[in-house]
Amino acid sequence: MDFHDRQAELRRMTFVRHPQRLLVDAERYLDHETWIRPAFARLGNVAGKSILDLGCGHGMASVVLAARGANVVACDLSAGYLAEARQRAIANHVSVKFVQADAHRLPFADATFDRIWGNAIVHHLVADEAAREIHRVLKPTGQAIFCEPWGENPLLNWSRKRLHYHGKERTSDEKPLGRPELLAFEKVFSHIEVQGFQLLAMLRRLMPGGLPIPFLEACDNFLLHAFPAMQRLCRYVVIVLKRDSQVPS
């Protein structure tokens, strides 16, 4: 939490000097990483639906969801991130409810939300505890969508530890998701889908001004369609969770 509070504080004065940076361009947000737009598409039509933005961070997803007509609750453990997200919602003239809470002990009633969204949050959590809470607050007909760093590629794991690249900043105790965490969710949810993103496209982070992302994405689309098992080597995964009608005991 301290790490994220510091990150938010570093940006706070920037927003004082340049308040326009709080404005959210939805199209730019959806395309800032290759997995965001397809993951958002899995949410379907969100107008009028209750959505939990779990680990809302800077609040950009909350703003986009609220602008699409969703009833958004943005939840984070970091007070600094919540303050920034609240500023962003005000600047973009959308209504979002903000709640500071631990994802392992969510302060919401059973079956509260139609959808749950999370970007780079689950890999910070204890998987079995988080799975039960996510299942508990999700409506029986609902689904949860999470975008998470994936940790089953040995070469990528080596580079994450050894190489320096833009955006590498992270907490000392976090690690990418792997098969053990997926198994924890499979024990709780009746339906789980996992789709990999950025196989070759991840190389762009090491090659500023190098191969264009559309070319790398096209290569990925071909390889991942022809050889689905290669998804386990991707940089990120989108996880779709659907629950049954019973809360696990």
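For the structure, check the block above.
Residues numbered from 1 in each chain as written. Predicted model: local features only at pLDDT ≥ 70, side-chain atom pairs only at ≥ 80, totals over all residues. Heavy atoms only, no water.

(A) Main features of the overall build of the protein chain. Looking only at helices and strands, one finds 9 helices and 7 strands in the protein chain. The buried share among the 249 residues of the protein chain stands at 47%. By sequence separation, contacts in the protein chain at least 24 residues apart represent 74% of the contacts at least 6 residues apart. About 12900 Å² of surface is accessible on the protein chain, with carbon and sulfur atoms providing 56% of the total. (Helix = DSSP H or I, 4+ residues; strand = E, 2+ residues; numbered from the N terminus. Buried < 20%, exposed > 50% of the residue type's maximum accessible area, 1.4 Å probe, protein only. Contact = heavy atoms within 4.5 Å. Areas by Shrake-Rupley, 256 points an atom, 1.4 Å probe, with all protein chains shown as cover.)

(B) Fine view of the environment of R132. Among the structural elements, R132 can be located in helix α6 (residues 127-137). Exposure remark for R132: the relative accessible area of 38% places this residue in the partly exposed category. The spatial distance from the C-alpha of R132 to the C-alpha of K187 is 9.4 Å, given a sequence separation of 55 residues.

(C) Fine view of helix α7 (residues 154-162). For α7, the full list of buried residues reads L156, S159 and R160. Buried residues of α7, viewed axially, fall in a sector of 105°; they line one side. Of the exposed residues in α7, the ones pointing more than 90 degrees away from its buried face are P154, L155, K161 and R162. Considering only its buried residues, α7 is in contact with β5 (138-149). Two or three places before L156, at the opening of α7, N153 has a side-chain oxygen 3.1 Å from that residue's backbone nitrogen. (Arc of directions from axis to C-beta. Polar contact = N/O pair within 3.5 Å; in protein donor to acceptor, adjacent residues only side chain to side chain.)

(D) Layout of the pairing of strand β3 (residues 96-100). As paired elements, strand β2 (residues 71-76) and β3 share 5 bridges and run parallel to each other. Counterpart to C75 in the pairing with β3 is V99. (Pairing = 2+ DSSP bridges.)

(E) Quick look at the sheet that holds strand β7 (residues 236-242). Taking strand neighbours across the sheet as the criterion, the 7 strands line up as β3-β2-β1-β4-β5-β7-β6 in an open arrangement whose pairing is mixed. The sheet terminates laterally at β3 and β6 (191-197), the two strands that pair on one side only. Averaged over all neighbouring strand pairs, the angle between strand axes comes to 15°, with direction disregarded. Sheet topology places strand β4 (residues 113-119) next to β5; 6 bridges connect them, and they run parallel. Looking at β5, one finds that I116 is bridged to A144. Helix-sheet contacts for helix α5 (residues 79-91) involve β2 and β3, and the interaxial angle to β3 is about 175°. On top of the sheet, helix α8 (residues 179-186) reaches β6 and β7; it is set at about 155° to β6, its chief contact. (Axes fitted to C-alpha atoms, helices over the stretch in contact; angles between N-to-C directions.)

(F) Geometry of the nonpolar core. In this structure, L52, L54, F108, I116, I134, F146 and F185 are the most contacted members of the largest nonpolar core, which totals 32 residues. The set of elements that each furnish at least two residues to this core consists of β1 (50-54), β2, β4, α6, β5, α8 and β7. If one sorts the elements of this core by residue count, α6 sits on top with 5 residues. Those residues within four positions of F146 in sequence are excluded, and the remaining contacts are L54, I116, W117, G118, I121, V122, I134, V237, V238, I239 and L241. The next biggest cluster of nonpolar side chains, apart from the first, holds 31 residues, and it includes V63, L65, A89 and C147. (Core = buried A, V, L, I, M, F, W, Y, C linked by side-chain atoms within 4.5 Å.)

(G) Up close: the pattern of salt bridges. Under the criterion given, the structure shown has 10 salt bridges. When the shortest N-O distance is used, the salt bridge between R42 and E193 registers 3.1 Å. Of this pair, R42 sits in the loop between α3 (36-41) and β1 while E193 is found in strand β6, placing the two residues 151 residues apart along the sequence. Here the residues in one salt-bridge network are E27, D31 and R37, joined through shared partners. (Salt bridge = Lys/Arg side-chain N within 4 Å of Asp/Glu carboxyl O.)

(H) Structural view of α5. For α5, built from 13 residues, the straight-helix expectation of 18 Å at 1.5 Å per residue is met to within 8% by its first-to-last C-alpha distance of 18 Å. When α5 is considered as a whole, its buried residues turn out to be G80, Y81, L82, E84, A85, R88 and A89. Just downstream of α5 lies H93, where phi reads positive at about 60°. (Expected span 1.5 Å × (residues − 1).)

(I) How the structure looks around unusual backbone geometry. Positive phi outside glycine occurs at H93, with the angle close to 60°. Residue classification places H93 among the exposed positions, given a relative accessible area of 74%. The phi dihedral of A120 falls on the positive side, at around 60°, and the residue is not glycine. Inspection of the secondary structure assignment puts A120 in the loop between β4 and α6. The class for A120 is partly exposed, based on a relative accessible area of 23%.

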